[in-house]
Structures are given as structure tokens and as C-alpha cells.
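# Working through the structure, step by step
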Amino acid sequence: MATALLWASGFLVIGLTGALFTALFVRALPILHRQPLPALLTGTAWQPSKGIFGFAPFLAGSLWVTLTAMALAVPLSLLTAIYLAEYARPQVRLTLKPLVDLMAGIPSVVYGVFGVLVIVPAVGKIATFVKTHLASVPLLSPSMPPTGYSVLAGGIVLALMVSPTIIAITDEVLRSVPMSLREATLALGATRWETVRFVVLRGGAPRHRQRHFAGVRPRLRRDDGGADGCRQCPVHP
């Protein structure tokens, strides 16, 4: 009975996924008849009232936001995880680890609201300062008035979203490396940092790649939509 229920649940999930893709494809057929898929993916104009749908700016924006978030989140998250796993005192770890796990469970919409209310105004002030005092620099002179809705704001918000997940996964991976490897390296005269760099990080790399694909990427895909609200400027009539 239990096996039958498990098989039924699995087929139900597969069926719902197939039904979802089928419904989306059927609803998208009128657009695909008007514009071929390559034109949709490479088009830059977005005018739904005229039946023009260009996805290129959205795809490029999502890519830039993701790259910016990873550049901000990965180094800091790895260093934080190394500190928690290898250097932090037990009292400090018992205090910080639940906070990290709590932040990893916060819905992305909460981060999005925080980004719109806090990050976007802060980035707007920085952009205004740069435009006022560094307008002579070619790369730092925006053609439009700065509003704060930018790739940088979206990247910061997305980095805040994914950092707790990266820290939690990396901390678990580093702590799964056998203590005997650390003790053997220290007995050979290696320093604490050399042990972490050449033994702990390399020993946990295969496990980290597996958990990265299982945990970080789904979180990144889910949170990228929340960061888009801090990247796109509201449309004014």
C-alpha cells in the first residue's frame, strides 16, 4: 500500500508538471504565431499593447543581477562559513548558526520589500553623489537621473538572499571533513590556515558541488524574481 502511494505521488507530480508546461505552451501559441521564438528572445522592444514582446532586456538584466550577486555573495559567504566551521568559539557558533538558518528560511518577498525600502534609496543616494561629484568620469556619468533601481541594487538584494544558504551548506560541508585529516596535517607542522586551505577545502569540494546543485541553484532561481523588483524602474505613464 505504501509503495503504491509513493508511486502515485510521484506520477502525480510528473503529471502536474506536464500539465503546467502544456498550459503555458497553449497560452503562448498566439504569441509564437505572431513572433517566432528567436525574435522573442532577441527583441529589445516591450510593447504588449501592440503585440511586441522582446525578452532580451529581461534576460540580460537577470544575467547581470545574478553575476553581480555571485560576485558579492560567494567570497563573503565562503569566508563566513570557514570562520564558523574552523575558527569560531562554540558560544559564537551557537549564536550565529541559528541566525543564519533563520535568514535562509525568510521568503524572498520579504527581501524584495527590504530592498525596495532600504537598498534602492541607498543606491539612489550613492548614484546621485557620484553623478554630482564624478560626472567628468565617462563610466560614472549616467545619461538618466539616478533612481536607485539598478543592477547593483538587485545584485545586493539577491546576494543577501542567497548568502545564508551558501553559508549554511558550506559550513555543513566543511564540518563533515574528518577531524583525523586536520589532526594529521597539524601534526606535520602545518598552520591552521594551511590546514583549512589544503585539506578542509579540498576534502569538502566534492560534497560542496553536490549540495550546491541541490540547494543553492533552486534558491537562486526562486529569489531572482524578488530581486527583479529592485532592478527595474517603475513604469510611469
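Look up: the structure comes first, before these words.
Residues numbered from 1 in each chain as written. Predicted model: local features only at pLDDT ≥ 70, side-chain atom pairs only at ≥ 80, totals over all residues. Heavy atoms only, no water.

### Considerations on a nonpolar patch on the surface
Taken together, the side chains of Val109, Val110, Val113, Phe114, Val116, Leu117, Val118 and Leu160 make up a nonpolar region of the molecular surface, amounting to roughly 650 Å² of accessible area. Ranked by the residues each element gives to the nonpolar patch, the list is headed by helix α5 (residues 108-133), at 7 residues. Along the chain, phenylalanine 114 turns up in helix α5. Phenylalanine 114 sits in the partly exposed class, given a relative accessible area of 38%. (Patch = residues over 30% accessible without salt bridge, like charges linked within 9 Å, V, L, I, M, F, W, Y side chains within 5 Å. Areas by Shrake-Rupley, 256 points an atom, 1.4 Å probe, with all protein chains shown as cover. Salt bridge = Lys/Arg side-chain N within 4 Å of Asp/Glu carboxyl O. Helix = DSSP H or I, 4+ residues; strand = E, 2+ residues; numbered from the N terminus. Buried < 20%, exposed > 50% of the residue type's maximum accessible area, 1.4 Å probe, protein only.)

### Here's the deal with the layout of surface pockets
Its volume calculated, the second largest pocket comes out at about 150 Å³. Elements with a minimum of two residues in the lining of the second largest pocket: α3 (56-87), α7 (179-187) and α8 (192-231). Element by element, the count of residues in the lining of the second largest pocket is highest for α7, at 4 residues. Looking at the lining of the second largest pocket, its residues break down into 4 nonpolar, 1 polar and 5 charged. (1 Å grid on protein atoms, 1.4 Å probe; cavity = no way out; pocket = protein on both sides within 12 Å on 5 of 7 lines; lining within 4 Å. Points joined across faces, edges and corners; volume = space filled by probe spheres on them. Nonpolar A, V, L, I, M, F, W, Y, C, P; charged D, E, K, R; others polar.)

### Description of the pattern of salt bridges
Taken as a whole and assessed by the stated rule, the structure comprises 3 salt bridges. Residue arginine 93 pairs with aspartate 171 through a salt bridge whose shortest N-O separation is 2.8 Å. Pair noted here: arginine 93 is in helix α4 (residues 90-104) and aspartate 171 is in helix α6 (residues 151-175), with a separation of 78 residues, a long-range link. Given the relative accessible area of 0%, aspartate 171 is considered buried.

### Here we look at the nonpolar core
Ranked by internal contacts, the top residues of the largest apolar core, which has 14 residues, are Ile119, Ala153, Val157, Leu158, Met161 and Val162. Contributions of two or more residues to this core are made by α3, α5 and α6. A total of 7 residues in this core trace back to one element, the largest contributor, which is α6. Isoleucine 119 has contacts with Phe114, Ala153, Ile156 and Val157, leaving out every residue within four places of it along the chain. (Core = buried A, V, L, I, M, F, W, Y, C linked by side-chain atoms within 4.5 Å. Contact = heavy atoms within 4.5 Å.)

### Side note on the environment of arginine 192
Inspection of the secondary structure assignment puts arginine 192 in helix α8. On the accessibility criterion, arginine 192 (44% relative accessible area) is partly exposed. Along the chain, arginine 192 and arginine 182 lie 10 residues apart, while their C-alpha atoms are 8.8 Å from each other. Not counting residues within four places of it along the chain, the set of residues in contact with arginine 192 comprises Glu86, Tyr87 and Leu186.

### What to know about the side chain of threonine 68
Mapped onto the fold, threonine 68 is located in helix α3. When near neighbours in sequence (up to four residues on either side) are disregarded, threonine 68 contacts Val151 and Gly155.

### Brief notes about α6
Across its 25 residues, α6 extends 35 Å between first and last C-alpha, which sits within 8% of the 36 Å expected from 1.5 Å per residue. The largest bend along α6 reaches roughly 35° and is located at valine 162, with the proline proline 164 sitting one to four residues downstream. Of all 25 residues that make up α6, 19 are buried, and the element is covered over most of its length. (Expected span 1.5 Å × (residues − 1). Bend = angle between axes of the 7 residues up to and from the residue.)

Everything listed is a geometric property; what it means functionally is a separate question.
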